[in-house]
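The lines below spell out each chain.
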Amino acid sequence: MTNGSLKIFSGLSNNALALEIARYLEMELSGIDLQRFKDGEISVKIKDNVRAHDVFIIQSTCNPSNDHIMELLFIIDAAVRASALRVTAVIPYFGYARQDRKVEPRVPISAKVVSNIIQVTGADRVLTMDLHADQIQGFFDIPVDNLYATPTAIQYLSELKIENVVVVSPDAGGVDRARFLAKKLDTSLAIIDKRRTEANISDVMNVIGEVSGKNCILVDDIADTAGSISKAAIALKERGAKDIYCFFSHPVLSDNAVENLKIADFKEIIFTDSIPLPEEKKLNNMKVLSIAPLFGEAIRRIHNGESVSSLFL
């Protein structure tokens, strides 16, 4: 291998996904000791030799975001100081991505800050999925591969064989994502026109497109409180839609998200395992899709110096 032997490490944010990725690659996770001191400080020690190795560190920066970001940074620094040949930060869910610009005076661009510290700490490359804002790739001066969960969803949705379908974007910002899915499923497209009154609160204004008598698939990148996607589902029902499915990449599901999803009465709630779902938040109509094959294949190709472009199609 031109990049030395492959080593995969996992932080504590999503160890189950990391194990699946390692299983896909027919290898085991490398040894790492992650602990907390009595005062809450994070302690990191890499147990395996990484000198001249190609190191991939898997860590979603989900809740508690700050702890998981610091964990990632310390593992990166430990690998760099142990003379790893290359360090790739594998971040299935990139936290702070919604703070990607100044929306009012005297506020930070937090996504840029996080990007800076990952880069400055010593990461040579970033592998992530469904960034909330594509421009975040430009916040880095190192290569960034932003994978998409949509192909994984397409495979599953095709197996469901849903008839008379329309793909729906819950807002104007997600039209490209919804259009891509609609094209792959060979369906029509509808758009929810909404107005966000404040953070995590939105009001549905109008539905653009024909949804009456159709089965709808709502598609989004993040479900935080799930308010937007749930209100969109209610609006579709009011306009004569039949069964409503939803697909989102990242199940943040904070605050009263599960209650919102219950009220929306989805036929099926589909999302990936980019963020682990606590047992108490699981519903009978939820379907979790594994992204381990997607990330495992991307890691294999990056390590071998092969193209990853086909994974974006």
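The following paragraphs examine the structure supplied in this document. Because the structure is predicted, anything quoted here is derived from the model rather than measured.

A short note on the overall build of the chain
Helices and strands together make up the secondary structure of the chain, namely 8 helices and 14 strands. For 313 residues, the compact-globule estimate of 2.2 N^0.38 gives 20 Å, and the chain sits close to it at 20 Å. Its C-alpha atoms put the chain at 60 × 45 × 35 Å along the principal axes. Looking at the chain residue by residue over its 313 residues, the buried ones come to 54%. Counting only carbon and sulfur atoms, one obtains 48% of the accessible surface of the chain, whose full area is about 14700 Å². Taking the average location of the 35 positive side-chain charges in the chain and that of its 41 negative ones, the two points are 1 Å from each other.

Overview of the sheet that holds strand β5 (residues 86-91)
With parallel pairing, 5 strands are arranged side by side in an open sheet as β1-β4-β5-β6-β7. Looking at the sheet topology across the chains shown, the edges are occupied by β1 (6-10) and β7 (144-147). Strand-to-strand, the axes of this sheet are offset by a mean angle of 20 degrees, without reference to chain direction. The sheet contact formed by β1 and strand β4 (residues 54-58) spans 5 bridges and is parallel. By the bridge assignment for β4, S10 is matched with I58. Those strands touched by helix α2 (residues 65-81) are β4 and β5, and its axis lies near 165 degrees from that of β5.

Considerations on α2
For α2, built from 17 residues, the straight-helix expectation of 24 Å at 1.5 Å per residue is met to within 8% by its first-to-last C-alpha distance of 24 Å. Every buried residue of α2 is listed here: H68, I69, E71, L72, L73, I75, I76 and A79. Turning to α2, the residues buried within the fold contact β2 (32-36), β3 (42-46), β4, β5 and α3 (110-121). One or two steps after α2, the chain reaches S83, where phi turns positive at roughly 70 degrees.

A closer look at the packing of aromatic side chains
Applying the stated criterion across every chain, the model contains 2 aromatic pairs. Ring geometry for F248 against F271: centres 5.3 Å apart, planes inclined by 15 degrees, an arrangement best described as stacked. A residue pair is termed long-range when its members are at least 10 positions apart, and F248 in strand β12 (residues 244-251) and F271 in strand β13 (residues 268-272) qualify at 23 residues. The exposure class of F248 is buried, given its relative accessible area of 0%.

Examining the side chain of T121
Among the structural elements, T121 can be located in helix α3. The contacts of T121, once residues within four sequence positions are left out, are L73, I76, D77 and V80.

Side note on empty space enclosed by the protein
Across all of its chains, the model carries 1 cavity of 30 Å³ or more by this definition. The volume enclosed by the largest cavity comes to roughly 40 Å³. Surrounding the largest cavity, Y93, F94, A97, M129, D130, L131, H132, I222 and H250 form its lining. A breakdown of the residues in the lining of the largest cavity according to their chemical character gives 6 nonpolar, 2 polar and 1 charged.

What counts, and at which threshold
Residues numbered from 1 in each chain as written. Predicted model: local features only at pLDDT ≥ 70, side-chain atom pairs only at ≥ 80, totals over all residues. Heavy atoms only, no water. Helix = DSSP H or I, 4+ residues; strand = E, 2+ residues; numbered from the N terminus. Rg over C-alpha atoms; globule rule 2.2 N^0.38 Å. Buried < 20%, exposed > 50% of the residue type's maximum accessible area, 1.4 Å probe, protein only. Areas by Shrake-Rupley, 256 points an atom, 1.4 Å probe, with all protein chains shown as cover. Lys, Arg positive; Asp, Glu negative; His and termini not counted. Charge placed at Lys NZ, Arg CZ, Asp CG, Glu CD. Pairing = 2+ DSSP bridges. Axes fitted to C-alpha atoms, helices over the stretch in contact; angles between N-to-C directions. Contact = heavy atoms within 4.5 Å. Expected span 1.5 Å × (residues − 1). Phe/Tyr/Trp six-rings, centres within 6.5 Å; stacked < 30°, edge-to-face > 60°. 1 Å grid on protein atoms, 1.4 Å probe; cavity = no way out; pocket = protein on both sides within 12 Å on 5 of 7 lines; lining within 4 Å. Points joined across faces, edges and corners; volume = space filled by probe spheres on them. Nonpolar A, V, L, I, M, F, W, Y, C, P; charged D, E, K, R; others polar.

Taken by themselves, the reported measurements are silent on function.
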